[in-house]
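# Working through the structure, step by step
Residues per chain, in single letters:
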Amino acid sequence: MRSSPLPRMSRRGRVTIGVLIGVFVFFTLLGWGVNAWTDWLWFDEVRYTQVFTGVLATRLLLFLVIGLGMAAIVAGNLWLAYRLRPQLRPHSAEQATLERYRMLLSPRLGTWIALASAVIGLFAGLSAQSRWSQWLLFRNGGSFGVKDPEFGIDVGFYVFQLPFWRYLLGVGFTAVVLALLGALAVHYIFGGVRLQGVGDRMTNAARAHLSSLVAVFVVLKAIAYVLDQRAMLLEYNEGAKLYGAGYADINALLPAKEILAWIAVVVAVAIIVFSNAWMRNLVWPGIALALLGVSAVAIGGIYPWAVQTFEVKPSARDKEAPYIERSIEATRSAFGLTGTKSTGYAADNLIPPASLATDTSVVQNVRLLDPQLVSETYTQLQQVRGFYDFGSKLDIDRYAVSGKTSDYVVGVREINYGELPNNNWINRHTVYTHGYGLVGAPANQVVCGGQPYFVSGFLGEKAQEACSSQAEQIPAQQPRIYYGERMEADDYAIVGQTGDRNVEFDRPTSTGGEQYYTYTGEGGVEIGSFTRRLLYAIKEQESNFLLSEAVNDDSKLLYVRNPRDRVEKVAPFLTLDGDPYPAVVNGRVLWIIDGYTTAATYPYAERVNLQAETTDELTGRGTFQLARENVNYIRNSVKATVDAYDGTVKLYAFDDTDPVLKAWNKAFGGELVLPKGDIPPELAEHFRYPADLFKVQRNLLTKFHVTDPGDFYSGQDFWQVPNVPDAPDSGQKQPPYYLFTQFPGQESPRFQLTAAVTPNGRQNLAALVSGSYVDGRPQLEVLELPDQTRVSGPTQVHQQMTNNGDIRQQLNLLSSNQAQVQYGNLLSLPFADGMLYVEPVYVKSSNQDAYPLLQKVLLSYGDGGSYVVLANNLSDGIKQLVEQGKRAATGTPPPSAGDNPPTTGGTSPPVLTGELAEAAGKVQSAIAEVKAAQASGDFERYGRALKALDEAMAAFQQAQAAANPSPGPAPSGSPSASPPASPSSSPSSNG
């Protein structure tokens, strides 16, 4: 029975649908065209058009090649299935039902095939164009000069070649599966495959076609097994809890993959032979496929599991040792840990030395200003207008002023567009176009009751504030800030005026007026013509580009004004550090951004998530959070700069030996990244060890400082990163901090990034990790303390200092009257075979527009609890510590932590001498050990310490009785088991 024809659409309906489709296509193409054109103009402005054309051409190439290839494979198989249809089909109800579909498809079969293939090719091409980075590395990657420990293949194969080969294999599987399903459907519709009727269920032609596709699929599976052998070196090893193939993988799974590859080849041949040349049925091909499946389960699954369970687990330490060693070596190489300089540091001096008072390399350079806390202070004291802002965190850099190099807390005075007095389009985009000045203050100096001593970034010719330098000490010839961290994506600026009239607000004047300015830099896209104005009116969906008189023949448009976004657009292959920082270089304010090249396929290297590893207390507070990118190789290969005035972007090769950077540079013509020799010396002076890279390396060093496989497997010597000292329950890690200081073993003070680590599961100090540059090369150093050290870690030290009775009383007084105590960076400084701890104490009142002021400084030396002072300033604190040290050396018990040092004319306590002084010293040492043992949580050690304290007290009493001196102050007893809670405070910050 012939079915009724499908209803035809009216002419009006067809026209309406055609118009709607045309409108949709027009606006889609218009939007794509406008974005592409404006992107080209922007890349032309920054002179990096090779990136735009290179990425665009690669995307189009992959879209066309993969899309057309996928479409051709599917279309070819659909057309072949139609050509192989039987001319005569037995009559059956099934065939009668299919006849209506044949009548629908046959007249326009080519159109249907083309449409289906085009849709498949479109999605395949869209997926392929996103793999542009893999293709460019595949095409331009070279050698690492390092071979993997199993196959002896250069690491470059894994980083550059393997990812794209695996992608192409996935494309092949997808194409074969879609072709097989499509061909099976066509064969069924046109009678080549039947479910009902007499005779064979499949014609010879259909069998040959479909079996060939299945054979191709099995051959691809054989290739997959071969690639899987190489990829095993990237997988997680459950036995060793590390990445890379372990004992069971190498001795069981690896040969199993090879056997399965050969079985797959045999199965593919069997499918072709048994289906077409011999029995001409699907029974034996089905048996062959079943054999492959059973083999994959038995050989590739059960056998490795048995080896892992019955051979490896009972003696995992010995079996996995060679493979743990491989992972340790690969991880240290991939993350730049190989050259880490590790030095033992006894830290056995628990008494403050007299040299503290005369030191010039450590004490004088102690940083007191916290870059996060004082950002409010900068805003309030240097804001001048309510729309100026310094952000939530400032930066640390160093400058040589008057022949002396010191670290400075610096910030850029930017426009906060949310605080404009009249936030209309004219003001936002044509009047308030830029900030003004880099404001800096020495990091170790405060004036006027706790304020920073500002030395730069003044709005006038000289400072008006009484608490600032009267002249610019860090002069910038061009202090205007058109590009800054506070800029959002829609914060574009229209600059340039016809005639002598200035309309851009520049800065307030000393007379209470306002000064205006016209941009004269080379940056910006010219938008004087009607075509350009129309173009950007469409892009920004803003009619004022066409209607406003503020846009004239000389106008330029500044956009993508955030320095990090700007570098990311120029170098999309880089992972950028989350903390760009400004510096004055040759009179220009430059933003410096660290760029990383990364990979995720370095064999045997540990794989980490950048977002998880770099997140700490400061993330989101002036620093950008990194994306969730899994990597097992990273290099700080690029130092990028962005001129804050004209937006000029420059990329300098910092690690010119990095193979990944070489591949990217080659991919974009070889001149994208400037050679390391082109870095100006004045710029290199402001390079600092990048924070996010340091965090990743520090976290890895907590485990991978252990290089013995047996010790690594036991995990006894692992470390951990401590939580924020004054908020340990927050779960946030203590950020590393920049210091200009000199550590033991260093010949002179360096600007270095430093962090403390503690033993895993304990709170005492295990090591100090620092990163700095030596002769332009990165240098990681570890000062490792003994396992049974008595020196407390950051959390313990903060608790011991703030829980001291006298200090707690003073802190409570500071926080009275509706004021809030805030703790700054807790600095751990090795000095004179001991540890000096410094923590600034800020006070912020509850008044409106109040800002934190540095009021006190907490200091401790030794184990963190025996010698503690709370002083008005660092100098007084050092004097008090030294005085306590002198008292300890003579056997006199130290005064209360909050006491001032003795003054002339006061009554001095009696001086202990001889055996009595020696006994008193032993009592003090025993007390310190009790405190350290209690804080460490080691009950066995705590018991021994209490016993030693009792013995020392008894010895002291005997010596006192023998000497029969006049009664003096008795040594303090053991600390209480439950110290009082510390005063309320806000979380600290570190920079």
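Calculation criteria
- Residues numbered from 1 in each chain as written.
- Predicted model: local features only at pLDDT ≥ 70, side-chain atom pairs only at ≥ 80, totals over all residues.
- Heavy atoms only, no water.
- Helix = DSSP H or I, 4+ residues; strand = E, 2+ residues; numbered from the N terminus.
- Contact = heavy atoms within 4.5 Å.
- Disulfide = S-S within 2.5 Å.
- Buried < 20%, exposed > 50% of the residue type's maximum accessible area, 1.4 Å probe, protein only.
- 1 Å grid on protein atoms, 1.4 Å probe; cavity = no way out; pocket = protein on both sides within 12 Å on 5 of 7 lines; lining within 4 Å.
- Points joined across faces, edges and corners; volume = space filled by probe spheres on them.
- Nonpolar A, V, L, I, M, F, W, Y, C, P; charged D, E, K, R; others polar.
- Axes fitted to C-alpha atoms, helices over the stretch in contact; angles between N-to-C directions.
- Left-handed = near helix turned anticlockwise from the far one by under 90°.
- Phe/Tyr/Trp six-rings, centres within 6.5 Å; stacked < 30°, edge-to-face > 60°.
- Lys NZ or Arg CZ within 6 Å of the ring centre and 35° of its normal.
- Pairing = 2+ DSSP bridges.
- Salt bridge = Lys/Arg side-chain N within 4 Å of Asp/Glu carboxyl O.
- Parallel < 35°, antiparallel > 145°, perpendicular 65-115°, else oblique.

### Describing the side chain of asparagine 237
Relative to the elements of secondary structure, asparagine 237 occurs in strand β1 (residues 236-237). In this structure asparagine 237 touches Leu242, Tyr243, Gly244, Ala245, Gly246, Asp249 and Glu320, once residues within four positions along its chain are discounted.

### Remarks on the state of the cysteines
Scanning the model with the defined rule gives 1 disulfide in all. Linked covalently through their sulfurs, cysteine 448 and cysteine 467 form a disulfide whose S-S length is 1.7 Å. Disulfide cysteine 448 to cysteine 467: torsion about the S-S bond roughly -105°, handedness left-handed. Of the two residues, cysteine 448 is situated in the loop between β10 (446-447) and β11 (451-452) and cysteine 467 in the loop between β11 and β12 (480-481); the sequence distance between them amounts to 19 residues. Owing to a relative accessible area of 41%, cysteine 448 belongs among the partly exposed residues under this scheme. By relative accessible area, cysteine 467 is classed as buried at 16%.

### Points about empty space enclosed by the protein
Summed over all chains, the structure comprises 2 cavities of 30 Å³ or more. Along its surface, the largest cavity is lined by 28 residues, and Asp579, Leu618, Thr623, Ala691 and Lys695 are the ones closest to its centre. Secondary structure elements with two or more residues in the lining of the largest cavity: β5 (395-401), α17 (610-614) and α20 (691-704). Looking at which element gives the most residues to the lining of the largest cavity, the answer is α20, with 3 residues. By residue class, the composition of the lining of the largest cavity is 11 nonpolar, 9 polar and 8 charged.

### Brief notes about the environment of alanine 400
The topology assignment puts alanine 400 in strand β5. Under the relative-accessibility criterion, alanine 400 is labelled exposed at 60%. Along the sequence, alanine 400 and isoleucine 474 sit 74 residues apart, while their C-alpha atoms lie 9.0 Å from each other.

### Here's the deal with the packing of helix α2 (residues 49-83) against helix α4 (residues 109-129)
Angle between the axes and distance between the axes: these two values describe a pair of packed helices. Relative orientation of the contacting elements α2 and α4 amounts to 150°, with a least axis distance of 7 Å. The two elements α2 and α4 cross, and the hand of that crossing is right-handed. Each of Arg59, Leu62, Phe63, Ile66, Gly67, Met70, Ala71, Val74, Ala75, Leu78, Trp79 and Tyr82 in α2 lies in contact with α4, whose residues at this interface are Leu109, Ile113, Ser117, Ile120, Gly121, Leu122, Ala124, Gly125, Leu126, Ala128 and Gln129. In terms of residue class, the contact of α2 with α4 is made up of 17 nonpolar, 5 polar and 1 charged.

### Quick look at the packing of aromatic side chains
Note on aromatic pairs: each is described by the distance of the centres and the angle between the planes. Evaluation of the coordinates by the stated rule reveals 43 aromatic pairs. Judged by centre distance (6.3 Å) and plane angle (15°), the ring pair of tryptophan 664 and phenylalanine 668 falls under stacked. The exposure class of phenylalanine 668 is buried, given its relative accessible area of 5%. Taken together through their ring pairs, the aromatic side chains of Trp135, Phe138, Phe164, Trp165 and Tyr167 make up a single cluster. It is arginine 230 that lies over the ring of phenylalanine 151; its NZ or CZ is 4.4 Å from the centre.

### Here we look at the sheet that holds strand β13 (residues 493-495)
Spatially, β13-β17-β16 is the arrangement adopted by the 3 strands of the open sheet, whose pairing is antiparallel. Single-partner strands in this sheet number two, and they are β13 and β16 (525-526). Summarising the sheet, β13 and strand β17 (residues 556-558) pair through 3 bridges and their orientation is antiparallel. When the bridges of β17 are listed, alanine 493 appears paired with leucine 558.

### Side note on the environment of methionine 202
Tracing the chain through its elements places methionine 202 in the loop between α6 (155-189) and α7 (204-231). Relative accessible area serves as the criterion here: at 16%, methionine 202 is assigned to the buried category. Each C-alpha atom of the pair methionine 202 and histidine 187 lies 8.8 Å from the other, and the pair is 15 residues apart in sequence.

### Structural notes on the pattern of salt bridges
In this structure the tally under the stated criterion is 26 salt bridges. One salt bridge connects lysine 241 with glutamate 238, and the closest N-O pair in it is separated by 3.1 Å. For glutamate 238, a relative accessible area of 51% corresponds to the exposed category. Residues glutamate 311 and lysine 319 are paired through a salt bridge, measuring 3.7 Å at the closest nitrogen-oxygen approach. Using a relative accessible area of 24% as the deciding quantity, one classes lysine 319 as partly exposed. When salt bridges with common partners are traced through the structure, they connect Lys393, Asp395, Asp579 and Arg688 into a single cluster.

### Some points on the packing of helix α1 (residues 11-46) against helix α14 (residues 530-540)
In contact at an axis separation of 10 Å, α1 and α14 are set at 120° when each is read in the N-to-C sense. Here α1 lies oblique to α14, going by the angle between them. In terms of crossing hand, the pair formed by α1 and α14 is left-handed. For the pair α1 and α14, the contacting residues are Val34, Asn35, Trp37, Thr38 and Leu41 in the first and Thr531, Arg532, Leu535, Tyr536, Ile538 and Lys539 in the second. Taken together, the residues of the contact of α1 with α14 sort by class into 6 nonpolar, 3 polar and 2 charged.

### Looking at the sheet that holds strand β9 (residues 438-442)
Spatial ordering of the open sheet is given by β5-β6-β9, a layout of 3 strands whose pairing is antiparallel. In this open sheet, the two strands that pair with only one neighbour each are β5 and β9. Looking at each pair of strands side by side, their axes are set apart by 40° on average, direction ignored. Note: strand β6 (residues 404-412) against β9, 5 bridges, orientation antiparallel. Residue glycine 411 lies in a different strand from β9, and its bridge partner there is valine 439. The sheet contacts of helix α12 (residues 374-382) involve β6 and β9, and relative to β9 the element is tilted by about 120°.

Such coordinate-based values are descriptive only and should not be taken to indicate function.
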